[in-house]
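If you want the building blocks of each chain, they are given just below.
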Amino acid sequence: MAPVGGTAVQDHVALAEIELCGELIIAASAAQERLSLESIDEVLKVAEERDSFRR
């Protein structure tokens, strides 16, 4: 049960994970076949994250 005072706690990591899961669900529902690993990486922007760490 949430506190009555309206104090909301935000877990930014959890919110980001939920957003990524939503993106995967949207991509999977639009796909004709199962998503390839490359497609999943593209949806999750894995290559962009990897590139940002290299700089």
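No experiment lies behind these values; they were computed from the predicted model shown.

Caption draft 1: Molecular detail of the overall build of the protein. Per the secondary structure count, the protein includes 3 helices and 0 strands. In sequence order, the secondary structure elements of the protein are arranged as α-α-α. Each of the 55 residues in the protein was classed as buried or not, and the buried ones make up 2%. Carbon and sulfur atoms form 57% of the exposed surface of the protein, whose accessible area is close to 5300 Å².

Caption draft 2: Spotlight on the confidence of the model for the protein. With 71% of its residues at a pLDDT of at least 70, the protein reaches an overall mean of 83. Across the protein, element-level confidence peaks in helix 1 (residues 12-30) with a mean pLDDT of 94 and bottoms out in helix 3 (residues 46-54) with 68.

Caption draft 3: Region of interest: the packing of helix 1 against helix 2 (residues 37-44). As a packed pair, helix 1 and helix 2 sit with axes 9 Å apart at the nearest point and diverge in direction by 135°. Accordingly, the angle class assigned to the pair helix 1 and helix 2 is oblique. When you trace helix 1 past helix 2, the crossing you get is right-handed. Seen from helix 1, the contacting residues are L20, E23, L24 and A27; seen from helix 2, they are I40, V43 and L44. Here the contact of helix 1 with helix 2 is built from residues that sort into 6 nonpolar, no polar and 1 charged.

Caption draft 4: Inspection of the environment of L44 at higher detail. Here L44 lies in helix 2. Sequence separation between L44 and E23 is 21 residues; the distance between their C-alpha atoms is 7.7 Å. When neighbours within four sequence positions are excluded, L44 is seen to be in contact with L20 and L24.

Procedures and definitions
Residues numbered from 1 in each chain as written. Predicted model: local features only at pLDDT ≥ 70, side-chain atom pairs only at ≥ 80, totals over all residues. Heavy atoms only, no water. Helix = DSSP H or I, 4+ residues; strand = E, 2+ residues; numbered from the N terminus. Buried < 20%, exposed > 50% of the residue type's maximum accessible area, 1.4 Å probe, protein only. Areas by Shrake-Rupley, 256 points an atom, 1.4 Å probe, with all protein chains shown as cover. pLDDT = per-residue confidence, 0-100. Axes fitted to C-alpha atoms, helices over the stretch in contact; angles between N-to-C directions. Parallel < 35°, antiparallel > 145°, perpendicular 65-115°, else oblique. Left-handed = near helix turned anticlockwise from the far one by under 90°. Contact = heavy atoms within 4.5 Å. Nonpolar A, V, L, I, M, F, W, Y, C, P; charged D, E, K, R; others polar.

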